[in-house]
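# Coordinate analysis (summary)
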Amino acid sequence: MENSTQTEPKANKIIPKGEPVIIIEHLYKSFGKNVVLKDFNLTVKAEENVVVLGKSGAGKSVLIKCIIGLLKPDKGKILVFGNNIPELSADELDKVRTKIGFLFQANALYDSMTVRENLEFPLRRHWIGLKQKEIDKMVLEALDNVGLKNTVDMLPVELSGGMLKRIALARTLILKPEIILYDEPTTGLDPVTAREIDNLILKLQKKYHTSSIVISHDMNCVKSIADRVVLLLDGVCYTEGTYDELAQSKDEKINQFFES
Amino acid sequence: MALIEDIRDFLDETGSITKFTGNFFTNGLKPRFEVKELLAQCYSIGYKSLPLIGLTNFIMGLVLTMQLRPSLLKYGVESQLPVMVGIAIVREIGPVIAALIFAGKIASSIGAELGSMKVTEQIDAMEVSGTNPYKYLVATRVLATTLMLPILTILGDAISLIGAYIGVNINSVTSLNLFFAQVFQSLTFSDLLPAIIKTFFFGFAVGMVGCYKGFNSIKGTRGVGISANSAVVLSSVIIFFIDLLAVQFTNVFGLN
Ligand SMILES: Nc1ncnc2c1ncn2[C@@H]1O[C@H](COP(=O)(O)OP(=O)(O)OP(=O)(O)O)[C@@H](O)[C@H]1O
Ligand SMILES: [Mg+2]
């Protein structure tokens, strides 16, 4: 039966720190005449935080949607734990997706469901056969991680923007993914809440040893999170390096992101 | 040039609706079955529409009776009033009124609901959570509308006949027993069956169009509004076309 092969989360084979978990090779994606990615390459290693910088409309969201298989690239390879995402069948893709968390740019919480139901949804769908007791425990643990245990029976409309972001983060983390893709986790939040989210991302990463790709325009966030920064420009990986390396660059195209 | 573009858009849309519908038969009916969601949809779709369909059908039954009486009186066949009204309601008025109300209420709400889920990426979120959104959202809603509309139509017919009974009684006193005896004496199986069969198609069309418009909603709140609105318009038009086809079929098979 489709989707239901997994019953329990399998003990994850820990990938040693520094080994590649995502390898993107020669990725091309366009929408009609709008060429978004052309020959994009990137490697993400285990337990590494890679930040992708780029102007609005550069194709950052498109990039991570290709990684999780929501968009099909025109050409190129995306290897996640050695599985080439564009070639996987629906069932295989679902299996790989249990190991990937995805934080949507606009949260994408189900607005007809309570916070509890939102968090239960991925659990019930991916891991069929979990007992209600275990589900409750995991939901509360996930909410505890983001400090919002008391919102469990509220609806998304009753929560503030920052709270929604944190709930979305909890939903992303509930399957204990090994890779997390964050699409602008701090955009639209006040600086204090934004720092809280940054710290949360770091804390959770230490706790669960995840690897992540973070899309962000928020230089404070980039500075505190990034092990490595990648600049997406004109569909290619224009440059990469640590935050400090890029911040000191004389190249105007790189510089403009670090001004102010 | 604009005309050619319009024609091309029309053909494009027709093609993509056909593909979307085809997906229902190739994928939508395979496991895993979303039974819980299906039941929830049946309940909410049926329950939401019953009061409105009941009310409109009641009024239609009453008004139709009052409008028909003078003509029948003129030809001296007033006693045939229950027969005439019964046939009109069961064969045409009941199914079409129920379907149009359904289109107005359900196609728009499905279009708006799925449209806003689409633009806020909730559908994508479902997909990454190990759920096939077509099965979870579309197949369940389309099945629910297809199964609920015939039931609603039968209930609506009954309510409409009660309206007609009251209409008859405004001018002359008839007992409920006599009224229904007259109605059912003239009604045959071949009146009821095609009328109910076509409501399955009406229901299918309403659900499918609502889902298609929602799934293809363009970004922004305006997009959601457009989806809801065009879902109603398109499904209403399709209902009339199906009705037209249905009457041709019943003619060919000699059921008229
Ligand atoms: N589903 C789609 N259909 C057509 N075009 C799309 C689609 N998704 C994205 N695009 C186009 O791809 C380009 C890149 O979009 P993307 O959302 O990746 O930008 P982004 O880098 O995430 O920008 P932002 O920082 O504003 O979120 C844009 O020009 C956009 O119009
Ligand atoms: Mg984006």
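The coordinates are above.
What comes next concerns the included structure. (Residues numbered from 1 in each chain as written. Chains lettered and ligands numbered in written order. Predicted model: local features only at pLDDT ≥ 70, side-chain atom pairs only at ≥ 80, totals over all residues. Heavy atoms only, no water.)

### Looking at the site of ligand 1
All names here are of chain A. To keep it simple, the criterion reads: Being near a molecule or strand, for a residue, means having at least one of its heavy atoms within 4 Å of it. By the criterion applied in these results, polar contacts are pairs of N or O atoms within 3.5 Å in which, for protein atoms, one can donate a hydrogen and the other can accept it, and in which residues neighboring in sequence qualify only through two side-chain atoms. Working definition of accessibility: Shrake-Rupley area with a 1.4 Å probe, residue cover restricted to the visible protein chains. Strands are runs of DSSP state E lasting at least 2 residues, helices are runs of H or I lasting at least 4, and numbering of each runs from the N terminus.
With respect to spatial proximity, 14 residues lie near ligand 1, and among them Ser56, Gly57, Lys60, Ser61 and Gln105 are the closest. The side chain of serine 56 places a nitrogen or oxygen atom 2.5 Å from an oxygen atom of ligand 1. Contacts to ligand 1 include glutamine 105, whose side-chain N or O atom sits 2.9 Å from an oxygen atom. Taken by itself ligand 1 offers 630 Å² of open surface, and the protein chains cover 62% of this. Where the shell around ligand 1 is concerned, the elements lending two or more residues are β2 (34–45) and α1 (60–68).

### Observations concerning the sheet that holds β2 of chain A
Residues and elements named next belong to chain A. This is how the line gets drawn: Strands qualify as paired when DSSP identifies two bridges or more between them. Whether two residues are in contact is decided by their heavy atoms, any of which lying within 4.5 Å being enough. Working convention: axes come from line fits to C-alpha atoms, limited for helices to the stretch in contact. Angles between N-to-C directions cover 0 to 180 degrees.
Reading across from one edge, β2-β1-β4-β5 is the order of the 4 strands in this open sheet, with antiparallel pairing throughout. The open sheet has two edge strands, β2 and β5 (83–84), and neither has a second partner. Set on the sheet, α1 makes contact with β1 (20–31), β2 and β4 (75–80); between it and β1 the angle comes to about 120°.

### Quick look at the coordination of the magnesium ion (ligand 2)
Basically, it comes down to this: Water is not among the atoms examined, so metal sites may look incomplete; donors are the N, O and S atoms within 2.8 Å of the metal, or within 3.2 Å for Na, K and Ca.
Protein coordination at the magnesium ion (ligand 2): the donors are Ser61 of chain A (OG) and Gln105 of chain A (OE1), at 1.9 to 2.3 Å from the metal. Taken as a pair, serine 61 of chain A in helix α1 and glutamine 105 of chain A in the loop between β6 (100–103) and α3 (115–126) lie far apart in primary sequence, 44 residues in all.

### A closer look at the environment of arginine 228 of chain A
Residues and elements named next belong to chain A. Along the polypeptide, arginine 228 turns up in strand β9 (residues 228–233). Spatially, the C-alpha atoms of arginine 228 and threonine 43 are 11 Å apart, while their sequence positions differ by 185 residues. In this structure, arginine 228 is in contact with Leu42, Thr43, Val44, Glu48, Asn49, Val50, Val51, Glu240 and Gly241, ignoring residues within four places of it in sequence. Separated by 2.4 Å, the side chain of arginine 228 and the backbone oxygen of threonine 43 make a polar contact.

### A closer look at the side chain of aspartate 157 of chain B
All names here are of chain B. Applied cut-off: The cut-offs for exposure are 20% and 50% of the maximum accessible area for each residue type, with area from a 1.4 Å probe on protein chains only; residues under the lower value are buried, those over the upper are exposed, and the others partly exposed. A positive count includes Lys and Arg, and a negative count includes Asp and Glu. His and the chain ends are not counted in either. Each reported salt bridge corresponds to a side-chain nitrogen of Lys or Arg within 4 Å of a carboxyl oxygen of Asp or Glu.
With respect to the secondary-structure elements, aspartate 157 resides in helix α5 (residues 133–171). For aspartate 157, which is buried and forms no salt bridge, the nearest opposite charge comes from lysine 198, at a distance of 9.8 Å. Residues within four places of aspartate 157 in sequence aside, it is in contact with Ile89, Val90, Gly94 and Pro95.

### A word on the pattern of salt bridges
Under the criterion given, the structure shown has 21 salt bridges over all chains. Taking the shortest distance from any N to any O, the salt bridge between aspartate 218 of chain A and arginine 195 of chain A comes out at 3.0 Å. Of this pair, aspartate 218 of chain A sits in the loop between β8 (211–215) and α7 (219–225) while arginine 195 of chain A sits in helix α6 (residues 191–208), and the two are 23 residues apart along the sequence. Salt-bridge contacts for arginine 91 of chain B lead to aspartate 191 of chain B; the nearest nitrogen and oxygen are separated by 2.6 Å. Of this pair, arginine 91 of chain B sits in helix α3 (residues 81–119) while aspartate 191 of chain B sits in helix α7 (residues 189–215), and the two are 100 residues apart along the sequence.

### Digging into α6 of chain A
Residue and element names in this part refer to chain A. Quick reminder of the rule: Multiplying one less than the number of residues by 1.5 Å gives the expected span of a helix.
Under the 1.5 Å per step criterion, the end-to-end length of α6 is 26 Å for 18 residues, consistent within 8% with the ideal 26 Å. Every buried residue belonging to α6 is among Thr193, Ala194, Ile197, Asp198, Leu200, Ile201, Leu202, Leu204 and Gln205, and all of these are buried. Residues of α6 that are buried sit in contact with β3 (49–53), α4 (132–145), α5 (161–173), β7 (179–183) and α7. The distance from a side-chain oxygen at the start of α6 to the backbone nitrogen of valine 192 is 3.0 Å, and the residue carrying that oxygen is aspartate 190. One or two steps after α6, the chain reaches histidine 209, where phi turns positive at roughly 55°.

### Some points on the interface of chain B and chain A
A common way to state how big an interface is: give the accessible area lost once the parts meet. Formally: Accessible area, probed at 1.4 Å, shrinks when two parts are joined; the buried area is that loss added up over both. Here the term charged refers only to Asp, Glu, Lys and Arg, the term nonpolar to Ala, Val, Leu, Ile, Met, Phe, Trp, Tyr, Cys and Pro, and the term polar to all other amino acids, Gly among them.
Facing the 18 residues of chain B at the interface are 23 residues of chain A. For chain B, the biggest contributors to the area lost against chain A are Arg32, Gln122 and Val128 of chain B; these three give 35% of the whole. Remark: the boundary between chain B and chain A carries 3 salt bridges. Salt-bridge contacts for glutamate 127 of chain B lead to arginine 97 of chain A; the nearest nitrogen and oxygen are separated by 3.6 Å. Here chain B is connected to chain A by 10 residue pairs in polar contact (both at pLDDT 80 or more). Among the elements of the structure, α4 (122–128) and α5 of chain B are those that each provide at least two residues to the side of chain B that touches chain A. The biggest single contributor to the side of chain B that touches chain A is α4 of chain B, with 6 residues. Looking at the side of chain B that touches chain A residue by residue, the classes come out as 6 nonpolar, 6 polar and 6 charged.

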